[in-house]
Amino acid sequence: AWRIIRDGLPLTLLICVSAIILATILATLGALARLSRNPIAYGVAGFYTSFFRGTPLLVQMFLIYFAVAEVGVRLQQGGYPWGRVLVLTEIQAGVLALGLNYGAYMTEIFRAGIQSVGHGQGEAADALGMSYRTKMRRIVFPQAVRVIIPPTGNEFIAMLKDSALVYTICALGLFRLADLAGRRDFRSLEAYLLAAMVYWVLTGIFTVFQARLERRMGRGYVRGGDARGGAPRPPSARAQPGIVTPEVVPVAVEPEAR
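Cut-offs used in this document
Residues numbered from 1 in each chain as written. Predicted model: local features only at pLDDT ≥ 70, side-chain atom pairs only at ≥ 80, totals over all residues. Heavy atoms only, no water. Helix = DSSP H or I, 4+ residues; strand = E, 2+ residues; numbered from the N terminus. Buried < 20%, exposed > 50% of the residue type's maximum accessible area, 1.4 Å probe, protein only. Areas by Shrake-Rupley, 256 points an atom, 1.4 Å probe, with all protein chains shown as cover. Phe/Tyr/Trp six-rings, centres within 6.5 Å; stacked < 30°, edge-to-face > 60°. Arc of directions from axis to C-beta. Contact = heavy atoms within 4.5 Å.

(A) Quick peek at the overall build of the protein chain. Secondary structure summary: the protein chain contains eight helices and zero strands in total. Order of helices (α) and strands (β) in the protein chain, N terminus to C terminus: α-α-α-α-α-α-α-α. Residues classed as buried in the protein chain amount to 35% of the 258 residues present. Accessible surface, the protein chain as shown: approximately 16100 Å² in total, 63% of it carbon and sulfur.

(B) Highlighting the packing of aromatic side chains. With the rule as written, the count across this model stands at seven aromatic pairs. For the ring pair Phe 62 and Phe 66, a centre distance of 5.2 Å and an interplane angle of 40 degrees mean the geometry is tilted. Remark: Phe 66 and Phe 62 occur in helix 3 (residues 57–77); sequence separation between them is four residues, near one turn of the helix. Joined through ring pairs, the aromatic side chains of Phe 47, Tyr 48, Phe 51 and Phe 52 make up one cluster.

(C) Region of the structure containing helix 5 (residues 119–127). Turning to helix 5, its buried residues are Gln 121, Gly 122 and Ala 125. Here the buried residues of helix 5 occupy an arc of 95 degrees about the axis, which is enough to place them on one side. Exposed and facing more than 90 degrees away from the buried side of helix 5 are His 119, Glu 123 and Ala 127. Residues of helix 5 that are buried sit in contact with helix 6 (132–162). A positive backbone phi angle near 85 degrees is found at Gly 129, which sits one or two residues after helix 5.

As structure tokens, then:
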């Protein structure tokens, strides 16, 4: 049991963390492409999300690990040495498959988060002379993050459980080691229960972390009080980083003539 946790848990976390980083990058690029007026970028992002959301994750793992490797071997045999790049290890294939699959789902999450920012914020940034990149980095993304974080946390928890599918391409993750130990000692029930308990504990830990992160990012936005349920606070520019607040200039008012 200790060997399963000691050897399988770090590899599972490595695969999930690497995959969520890849998925976040792909989702950001995909969301910007989906919102772009460039027809090529829009078409590529649409094909990417449609394919990886419309095919099973297990099929994608087999395509990336077995089919793409076969193409790489044939290229090497044909005199193209760079074909070895397409021959991936089990961990690389698992990270790539999880990242591509979840990046497709997270693309729509990121797109919705960006669109949730009021148009007035972008117009105010344009009026201040900000470039598109500066506007997205300093105005739009800081406000979109609070909308993006909750579903992204859910996607990471789902990815943590789906990482067990890497077992099918023989990566020695948590579930793979549990399966091998159970078959070797004829104690499959105990091995599978142990693996299930470890996944459950990991899910609980990341759920608590996600809840705290949501409360922290939601400060200043929750109606009727702060993010921890305290007394109502007046809106403050300091509590809402990235929001363009127009400067209020005092105007002298002439007294009424009697």
